[in-house]
Amino acid sequence: MLVAQLAPARSAAVAHGYWRRLLPLLATLACVTRIPSFTRPLWNPDEGYLAVQARILAHGGTLYETVVDRKPPLVPWLYEGAFALCGSGSLTSVRILAVLAHLLTAALLASLARRRWGDTAGRAAGTLYLLASVGLNPEDAQAAGFEVFMLPCTAAAMWCADRRRFGAAGAAVACAFLTKQTGGAVLLPVLWLCAAHRGRPLRLLAGLALPVLAAAAVTDPARFLFWTVTGSGAYATFTGSELHVLARGLSNTAILAVGCAGLLPPVLRALRTARTGATDLWLWLASSAGAVLVGFHFFGHYYLQLVPPLALLATAALQILPRERLSAAVLTACGSCALFLAWGFLAPRTELTHVQRLAHTVADRTRPGDRVLVWGMHPETYWLSGRAPASRYLTAGLLTNFSGGRDGPQVGEEFAVRGAWTVFRQETAQRPPTLIVDDSRGRPYGPAHTPTLRRLLANGYEESGKVDGAVLYTRVP
């Protein structure tokens, strides 16, 4: 009897000691792999878009009305909260949150692997994930973007489902979806685990539905549905851009393969020799790959969703391979990680330098209360200049479909989000921008291809300067 009573206490003590040793290691690794993230004010326009959204929301704006995007609300709210606590002049606060998101993902993967294959597997899964998580173009891997905050939600969904906590698993799937729509792909392996463990699907679906319905109610159900689901038809097509999209997809796939050099060989060897028995992990990888394919954009940061299931599959494969394969996998992953960290420190800053010069000029030529229209794909100009946008559409992409990364054929006013130009004309008529910046620089959404913008410039603005190819237009009294 006494032995039976002491066994759980001994088991808890062992688990406590395990995590007390592993978590500092993972935390250190998460910080080291994210050092390049803190070396520049921002990495990509997604960060700039979120920063501008957060400022607008903090000043009384309304998501999906005062400012809009084709994304769910959790990450804009996260930025808003970080700015409220630490100020909006820097992204340091959200970069720290991104480090914590990676650490949480690694810990959840380690816990999953340890439960299935033991202590060594837990350490391997967390370590391999963090080493591979930087294996993309630095502007994709080091930015505090949507996918970074989606990953701990997807990992939490699998962690809960593995422990038959299906209500919590559904809530985690909902959080993944509310971070970015493609996060909902983790529902497939969660459903499989629910069926395999004879769980209650109604509990899973209730856990999924309640957070989504709550977010819709807070933001307005009709607008929430439009901006997160139904309003992206033109964005999702790649007609006329097949070669352009294919080239991007192949290049980012090749980059990820280098970044996952420590993960892929064990998986491929295991596939040739034996089954790993991890059906749910293969479903997770397949559903994540499907999420990368949705919309046919293949941006590098989309590929981050593949890293957690790859890390677990590699860990599973290493359990049936000779022990020395684990050391080889970790060493290879370390070498690949070092390569991508060097890229992060040495990556050119051409576009960032351009935006900083442009923002400085905008700040010099306007007053703090003035509204500005930046016609381009760099919403961070508003954030860096400290000036409010003249429209709820922060880039030309929502008004021309260029935000899909297309190369021309599907770009123009006719491919805009439904009703966007009507709203844009109303906004610019009611409160004309003090300064308009044409930052198209020869791209297919420039004024020459956009009649409404061309008329706006002709009926009240005159050219007043240029900055690195961007043309400035000042309102004529």
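For the structure, check the block above.
These lines cover the structure that appears in this document, whether it is placed above or below. (Residues numbered from 1 in each chain as written. Predicted model: local features only at pLDDT ≥ 70, side-chain atom pairs only at ≥ 80, totals over all residues. Heavy atoms only, no water.)

1. Digging into empty space enclosed by the protein
And then number 1: What the rule picks out here adds up to one cavity of 30 Å³ or more.
And then number 2: A volume near 60 Å³ is recorded for the largest cavity.
And then number 3: Lining the largest cavity we find Asn44, Asp46, Asp140, Ala143, Gly145, Phe146, Glu147, Val148, His301 and Leu304.
And then number 4: Counting residues per element, the lining of the largest cavity draws most heavily on helix α7 (residues 146-162), at three residues.
And then number 5: Grouping the constituent residues of the lining of the largest cavity by class yields four nonpolar, three polar and three charged. (1 Å grid on protein atoms, 1.4 Å probe; cavity = no way out; pocket = protein on both sides within 12 Å on 5 of 7 lines; lining within 4 Å. Points joined across faces, edges and corners; volume = space filled by probe spheres on them. Helix = DSSP H or I, 4+ residues; strand = E, 2+ residues; numbered from the N terminus. Nonpolar A, V, L, I, M, F, W, Y, C, P; charged D, E, K, R; others polar.)

2. Remarks on the nonpolar core
And then number 1: Among the nonpolar cores identified, the biggest contains 140 residues, and Tyr79, Val190 and Tyr393 are the most heavily contacted of them.
And then number 2: Sequence-distant contacts of Tyr393, that is, excluding residues within four places in its chain, are made with Val68, Trp227, Leu398, Leu399, Gly419, Ala420, Val423, Phe424 and Glu427. (Core = buried A, V, L, I, M, F, W, Y, C linked by side-chain atoms within 4.5 Å. Buried < 20%, exposed > 50% of the residue type's maximum accessible area, 1.4 Å probe, protein only. Contact = heavy atoms within 4.5 Å.)

3. A word on the environment of Asp280
And then number 1: Within the secondary structure layout, Asp280 lies in helix α14 (residues 279-293).
And then number 2: In sequence terms Asp280 and Ala196 are 84 residues apart; their C-alpha atoms lie 9.6 Å from each other.
And then number 3: The residues touching Asp280, leaving out its near neighbours within four places in the chain, are Arg116, Met158, Pro189, Trp192 and Leu193.

4. Overview of the packing of aromatic side chains
And then number 1: Per the stated rule, a full pass over the model turns up 10 aromatic pairs.
And then number 2: A centroid spacing of 5.3 Å and a plane angle of 90° characterise the contact between Tyr18 and Trp19, whose relative ring orientation is edge-to-face.
And then number 3: Ring centres of Tyr64 and Phe224 lie 6.4 Å apart, and the angle between their planes is 75°; on these two criteria the pair is classed as edge-to-face. Separated by 160 residues along the polypeptide, Tyr64 in the loop between α2 (45-58) and α3 (74-86) and Phe224 in helix α11 (residues 221-230) bring together distant segments of the chain.
And then number 4: The exposure class assigned to Tyr64 is buried, which follows from its relative accessible area of 3%.
And then number 5: The class for Phe224 is buried, based on a relative accessible area of 6%.
And then number 6: Pairwise contacts between aromatic rings join Trp375, Trp421 and Phe424 into one cluster.
And then number 7: The ring of Phe146 carries Lys71 above its face, with NZ or CZ at 5.1 Å from the centroid.
And then number 8: Lying across the ring of Tyr18, Arg114 places its NZ or CZ 4.1 Å from the centre. (Phe/Tyr/Trp six-rings, centres within 6.5 Å; stacked < 30°, edge-to-face > 60°. Lys NZ or Arg CZ within 6 Å of the ring centre and 35° of its normal.)

5. Here's the deal with the sheet that holds strand β2 (residues 388-389)
And then number 1: Read across the open sheet, the five strands follow the order β2-β1-β3-β5-β4; overall the sheet is mixed. At either end of the open sheet lies a strand with only one pairing partner, and these are β2 and β4 (461-467).
And then number 2: Judged from the six bridges that link them, β4 and strand β5 (residues 470-475) form a sheet pairing that is antiparallel. By the bridge assignment for β5, Lys466 is matched with Val471.
And then number 3: Strands β1 (371-375), β3 (435-438), β4 and β5 of the sheet are contacted by helix α17 (residues 350-365), whose axis makes an angle of about 135° with β4. (Pairing = 2+ DSSP bridges. Axes fitted to C-alpha atoms, helices over the stretch in contact; angles between N-to-C directions.)

6. A few points about unusual backbone geometry
And then number 1: Non-glycine residue Arg198 carries a positive phi angle of around 55°.
And then number 2: Relative to the elements of secondary structure, Arg198 occurs in the loop between α9 (187-196) and α10 (201-219).
And then number 3: Backbone geometry at Phe298 places phi at a positive 60°, although glycine is not the residue there.
And then number 4: Within the fold, Phe298 resides in the loop between α14 and α15 (307-318).

7. Side note on the packing of helix α8 (residues 166-179) against α10
And then number 1: For the pair α8 and α10, the least separation of the axes is 6 Å and the interaxial angle reads 35°. Seen from above, α8 lies across α10 with right-handed handedness. Contacts between α8 and α10 involve Phe166, Gly167, Ala169, Gly170, Ala171, Val173, Ala174, Phe177 and Leu178 on the former and, on the latter, Arg203, Leu204, Gly207, Leu208, Pro211, Val212 and Ala215.
And then number 2: Looking at side-chain class alone, the contact of α8 with α10 contains 12 nonpolar, three polar and one charged residues. (Left-handed = near helix turned anticlockwise from the far one by under 90°.)

8. What to know about α17
And then number 1: Taking 1.5 Å per residue as the helical rise, α17 with its 16 residues ought to reach 22 Å, and the 23 Å between its terminal C-alpha atoms agrees with that figure.
And then number 2: Of all the residues in α17, the buried ones are Leu352, His354, Val355, Leu358, Ala359, Thr361 and Val362.
And then number 3: For α17, the secondary structure elements touched by its buried residues are β1, α18 (380-385), β3, β4 and β5. (Expected span 1.5 Å × (residues − 1).)

9. With respect to the side chain of Thr33
And then number 1: Among the structural elements, Thr33 can be located in helix α1 (residues 2-33).
And then number 2: At 2.9 Å, the side chain of Thr33 forms a polar contact with the backbone oxygen of Leu29.
And then number 3: The residues touching Thr33, leaving out its near neighbours within four places in the chain, are Leu130, Val134, Gln142, Cys337 and Leu341. (Polar contact = N/O pair within 3.5 Å; in protein donor to acceptor, adjacent residues only side chain to side chain.)

10. Brief notes about the layout of surface pockets
Rolling a probe over the atoms, with the probe sized like a water molecule, indicates the empty space that remains.
And then number 1: As a volume, the largest pocket reaches approximately 1,200 Å³.
And then number 2: The wall of the largest pocket is formed by 45 residues, among which Asn44, Pro45, Glu139, Phe299 and Met377 lie closest to the centre.
And then number 3: At the level of secondary structure, the elements contributing two or more residues to the lining of the largest pocket comprise α2, α6 (138-141), α12 (242-259) and α17.
And then number 4: For the lining of the largest pocket, the element with the most residues is α17, which contributes four residues.
And then number 5: Looking at side-chain class alone, the lining of the largest pocket contains 19 nonpolar, 11 polar and 15 charged residues.
And then number 6: Volume-wise, the second largest pocket comes out at about 530 Å³.
And then number 7: Every element with two or more residues in the lining of the second largest pocket is listed here: α2, α18, β2 and α20 (420-430).

Read these as spatial facts, not as claims about activity.
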